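# Overview (structure and organization)
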Amino acid sequence: MADTARDPPPEQTDFQELEDGEDLFPEPAAAPESGPASLPAEDVSTNSNGPKQDSLFDDDPEDLFAEATEEVSLDSPERDVLLSDGPSPAITPITPPTSVITPRIGHAHDDMFTHSSFDEIEEEEGGDSFDIHIAVSDPEKVGDGMNAYMAYKVTTKTSLSVFKQGEFSVKRRFSDFLGLHSKLASKYLHVGYIVPPAPEKSIVGMTKVKVGKEDQSSNEFVEKRRSALERYLMRTVKHPVLLKDPDVLQFLESSELPRAVSTQALSSAGLLRMVNKAADAVNKMTIKMNESDAWFEEKQQQFENLDIQLRKLHASVESLVCHRKELSVNTALFAKSAAMLGNSEDHTALSRALSQLAEVEEKIDQLHQDQANADFYLFSELLGDYVRLITAVKGVFDHRMKTWQKWQDSQMLLQKKREAEAKLQFTNKPDKLQQAKDEIKELEGKVQQGERDFEQISKTIRKEVSRFEKERVKDFKSVIIKYLESLVQTQQQLIKYWEAFLPEAKAIS
Amino acid sequence: MMGYLSVSLQPRAVNVDLQTDATLQVDISDALSERDKVKFTVHTKSTLPNFKQSEFSVVRQHEEFIWLHDSFVENEDYAGYIIPPAPPRPDFDASREKLQKLGEGEGSMTKEEFTKMKQELEAEYLAIFKKTVAMHEVFLCRVAAHPVLRKDLNFHVFLEYNQDLSVRGKNKKEKLEDFFKNVVKSADGVLVAGVKDVDDFFEHEKTFLLEYHNRVKDASAKSDRMIRSHKSTHTTALLRILLHHYAYYCTTTAPLRILLFFLKVSELFEKTRKIEARVAADEDLKLADLLKYYLRESQAAKDLLYRRGRALVDYENANKALDKARAKNRDVLQAETSQQLCCHKFEKISESAKQELIDFKTRRVAAFRKNLVELAELELKHAKGNLQLLQSCLSVLKGDT
């Protein structure tokens with residue numbers, strides 16, 4: 001019953017452009033289906049329900065799902081009315097025509113869908129008017145001792161209408177970023193959105209900064225962090241849904257932000273997180289999902305492989321950086337040694353040439369150092385980011401499994417209740433029978449919702465994965481091009497140095 | 001794994017700038033690397049009447065070169081010359097070990113990786129091989145260019161006698177004797193060096209060579225380390241990133257141009273990696289080898305100064321002995337003869353030593369000039385090559401995206 005009814009009328013063309021950032025979730029223009037069903041929907045939408053176990057999104061005027069949430073939340077009495085009328089109309093507009101049938105149809109269609117959406121994405125690239133740029137800069141130490149922290153300036157330049165101004169900046173500290181991520185994660189991860197992970201905490205690194213050690217390593221640490229925070233924000237706003245999230249907007253725009261205390265590692269919230277993580281891990285092992293969709297199985301496998309590869313590659317880039325730094329040290333040593341040799345050489349022109357050689361080698365040493373930095377920042381950090389992102393992707397796949405599990409659990413419970421009701425039919429207990437019937441109705445709704453949730457998360461994940469893959473390609477391509485440009489610069493410098501040296505060498509007579 | 005390697009060598013760049021003249025030309029025309037020895041084909045062309053033919057070849061091994069060198073050192077007549085330093089022993093151990101390890105690990109890597117590594121290691125082996133040949137050749141050329149040493153009988157035997165010279169390597173006892181001799185010599189050397197020389201030229205040379213030798217030693221060690229670092233810093237890691245991405249995308253339905261992007265970049269890195277390897281190899285050849293050679297040559301020059309210093313001390317001691325003898329009027333004739341011998345020896349050494357040291361300087365300056373110029377030119381060539389590859393790849397990639 002559920003499948004066929006969910007086919008929306010083909011005239012619903014608003015939603016064919018999947019990747020149009022602005023209009024991904026347009027407001028439901030008009031409730032296309034039956035009147036009685038839509039009326040309560042409008043009523044209910046004014047009830048602001050707090051964040052619930054099953055509620056999908058916070059109150060967001062632009063969020064299409066808000067109404068759906070209200071309709072189907074477990075405790076809402078209106079739900080029964082709606083369900084009896086068939087599918088909730090508010091939900092249907094979201095599902096674009098093609099994707100509705102995707103979970104059912106086999107592999108071939110999945111490929112087509114992925115492929116075509118990827119192509120669509122590629123076509124979109126040309127006309128992509130994604131105009132927002134965030135810079136994290138000016139790290140400033142605030143306060144003293146162990147309570148000190150680094151404040152970063154977050155500057156946003158944009159022409160998007162969702163922002164009040166075109167250019168503005170605020171001051172934020174690291175825990176603010178973590179707080180933002182934590183909010184986004186709790187809102188979006190369990191419905192299948194890949195929320196970019198925040199940069200990692202580093203107790204050691206921060207302690208050095210707090211203690212006030214003004215040395216190379218703590219400067220490097222601050223710079224690494226600054227760069228990571230910038231990448232984090234850019235990734236977050238590149239996500240069309242996250243961009244419009246009020247928490248994100250507040251983070252970027254408002255000058256005052258309530259302090260996120262629950263992000264502290266050793267706080268109770270932190271401990272709770274750790275416990276939950278452990279529980280999740282155990283659960284994951286016990287859920288045996290009956291995967292009907294080969295796409296998911298394939299993708300999960302691919303992400304497993306990618307995870308392993310990226311970790312290996314991250315390690316080998318780090319070793320490359322190490323080697324280059326060693327080369328730099330050895331070049332500097334040789335330069336000094338050559339200078340000494342030049343000093344002791346008693347043939348004047350040769351002596352001068354050797355000193356020049358020493359200078360050239362010293363400059364080359366500096367080049368090696370700069371190259372090592374490029375290697376590190378460009379590639380190593382990128383790979384690190386992606387290792388963490390893949391973890392988030394895997395998390396989203398896990399949520400899908402959990403959603404499936406919930407659905408299955410409801411179904412099993414429904415089955416049991418039905419059996420119990422059947423038994424009750426033969427006893428003479430009208431009250432109990434009615435109660436059973438009520439419970440069954442409730443469970444039927446739950447089952448349907450569970451199925452819808454599952455299909456919704458599956459759909460969302462497909463979209464997210466496509467987006468992720470597209471972004472990943474873009475990221476790697478742009479880093480590679482930057483890296484090649486840095487190599488070009490190195491070679492140009494090398495040419496300059498050796499060209500300056502050559503006449504000196506030739507002048508030896 | 002490496003059974004043997006035979007390399008035919010065309011006239012290669014000599015490390016040391018030498019004048020080859022038609023009366024005697026020596027080179028190593030071929031070489032064969034067997035399990036634990038290298039066989040050099042020494043080829044001679046000469047117009048001198050001493051030889052039976054005008055052109056001939058013999059096969060020699062490393063030990064025979066050492067025998068020749070040692071015979072020069074032990075010859076009192078040559079005390080006043082810088083004896084061309086002996087070529088270092090061919091050392092393929094490290095390279096052989098690597099090749100062996102590769103063979104053992106064959107199962108754990110892909111065929112492609114294996115072939116690539118094997119090629120690299122074989123190229124390394126070949127490079128070491130070529131170097132050892134060059135160093136043996138330089139030794140012979142120096143001898144052939146020296147006005148006195150070229151006439152040495154042992155040298156002619158070395159060049160012409162087409163049987164094995166039956167020169168065995170030193171046994172343990174002899175090696176131990178050598179060791180003690182060296183200890184005594186260094187102690188004596190310190191003593192002799194302490195004696196101030198009347199002659200300004202030699203005094204200056206003594207100070208100069210001592211310091212120079214130490215600094216060349218340091219520079220040689222540091223340049224070796226630098227070049228070894230250079231060799232191990234590959235862009236291989238980055239190459240692998242790209243290949244993996246490329247492979248990953250092959251398994252997804254990614255558009256063709258993404259695959260092409262990664263393919264192009266990995267091809268680029270393949271090429272730049274080869275250039276980087278060549279840069280390290282050229283630095284090795286032009287810089288490291290140069291310094292190593294002059295480390296040995298400066299030691300030979302120091303040895304000459306030591307011999308002269310020794311002769312001077314002997315001369316002064318003989319003078320003192322003569323005075324004593326005259327004072328006591330005993331064994332005067334004996335003391336006089338002894339003193340005259342010492343004087344003659346000292347003067348002979350001093351005369352030739354002066355010229356030798358001047359020649360050493362000339363050779364040194366010329367060699368450094370040649371190698372530094374060639375080094376700079378090669379570095380430029382490779383940097384320009386790299387730049388061109390990078391720029392053309394970048395323009396293609398940017399044009400695509």
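By the naming in an unreviewed UniProt entry, chain B goes by Sorting nexin and is assigned to Myripristis murdjan. What the UniProt record of chain B gives under Sequence similarities (unreviewed entry) is the line "Belongs to the sorting nexin family." The UniProt entry for chain B carries this comment under Function (unreviewed entry): "Involved in several stages of intracellular trafficking."

The name an unreviewed UniProt entry gives chain A is Sorting nexin-2, with Myripristis murdjan as the organism. According to its UniProt record, chain A has this under Sequence similarities (unreviewed entry): "Belongs to the sorting nexin family."

Attention now moves to the side chain of threonine 41 of chain B. Turning to its location among the elements, threonine 41 of chain B is positioned in strand β3 (residues 38–46). Leaving out residues up to four positions away in the same chain, threonine 41 of chain B has contacts with Asp27, Ile28, Ser29, Asp30, Ser57, Val58 and Val59 of chain B.

The UniProt record marks residues 433–460 of chain A with the feature "coiled-coil region" (unreviewed entry), using the residue numbering of this structure. Taken as a whole, residues 433–460 of chain A contains 100% helix and 0% strand, while its terminal C-alpha atoms sit 40 Å from one another.

Bringing the interface of chain A and chain B into the picture now. In this assembly, 62 residues from chain A lie in contact with 63 residues from chain B. Counting the surface chain A buries against chain B, the share from its top three residues, Phe334, Lys477 and Trp498 of chain A, is 10%. Summed over the shared surface of chain A and chain B, the result is six salt bridges. When contributions to the side of chain A that touches chain B are tallied by element, the ones reaching two or more residues are α6 (107–126), α13 (294–344), α14 (348–425) and α15 (430–506) of chain A. Take the side of chain A that touches chain B: its biggest share by element is 23 residues, from α13 of chain A.

All names here are of chain A. Where helix α7 (residues 174–188) contacts helix α11 (residues 246–253), the axes come no closer than 10 Å and their chain directions differ by 165°. It follows from the interaxial angle that α7 and α11 lie roughly antiparallel. As for how α7 packs across α11, the hand of that crossing is left-handed. Residues Asp176, Phe177, Leu180, Lys183, Leu184 and Lys187 of α7 form the contact with α11, whose own contacting residues are Pro246, Asp247, Val248, Gln250 and Phe251. Across the contact of α7 with α11, the residue classes tally to six nonpolar, one polar and four charged.

Attention now moves to the packing of aromatic side chains. For the coordinates displayed, the defined rule picks out 29 aromatic pairs over all chains. Consider the rings of phenylalanine 296 of chain A and phenylalanine 397 of chain A, whose centres lie 5.9 Å apart with planes at 75°: the pair is edge-to-face. Here phenylalanine 397 of chain A lies in helix α14 and phenylalanine 296 of chain A lies in helix α13, a separation of 101 residues in the sequence. The exposure class assigned to phenylalanine 397 of chain A is buried, which follows from its relative accessible area of 2%. What links up through ring pairs into an aromatic cluster is the set Trp295, Phe296, Phe303, Tyr386, Phe397, Phe468 and Phe476 of chain A. Directly above the aromatic system of phenylalanine 251 of chain A lies the positively charged group of arginine 172 of chain A, at a separation of 5.2 Å from the ring centroid. The residue whose ring lies beneath arginine 308 of chain B is phenylalanine 202 of chain B, and the NZ or CZ to ring-centre distance is 3.6 Å.

What counts and what doesn't
- Residues numbered from 1 in each chain as written.
- Chains lettered and ligands numbered in written order.
- Predicted model: local features only at pLDDT ≥ 70, side-chain atom pairs only at ≥ 80, totals over all residues.
- Heavy atoms only, no water.
- UniProt positions renumbered as here; feature names shortened; annotations may be inferred.
- Helix = DSSP H or I, 4+ residues; strand = E, 2+ residues; numbered from the N terminus.
- Contact = heavy atoms within 4.5 Å.
- Buried area = accessible area lost by both parts, 1.4 Å probe.
- Salt bridge = Lys/Arg side-chain N within 4 Å of Asp/Glu carboxyl O.
- Axes fitted to C-alpha atoms, helices over the stretch in contact; angles between N-to-C directions.
- Parallel < 35°, antiparallel > 145°, perpendicular 65-115°, else oblique.
- Left-handed = near helix turned anticlockwise from the far one by under 90°.
- Nonpolar A, V, L, I, M, F, W, Y, C, P; charged D, E, K, R; others polar.
- Phe/Tyr/Trp six-rings, centres within 6.5 Å; stacked < 30°, edge-to-face > 60°.
- Buried < 20%, exposed > 50% of the residue type's maximum accessible area, 1.4 Å probe, protein only.
- Lys NZ or Arg CZ within 6 Å of the ring centre and 35° of its normal.

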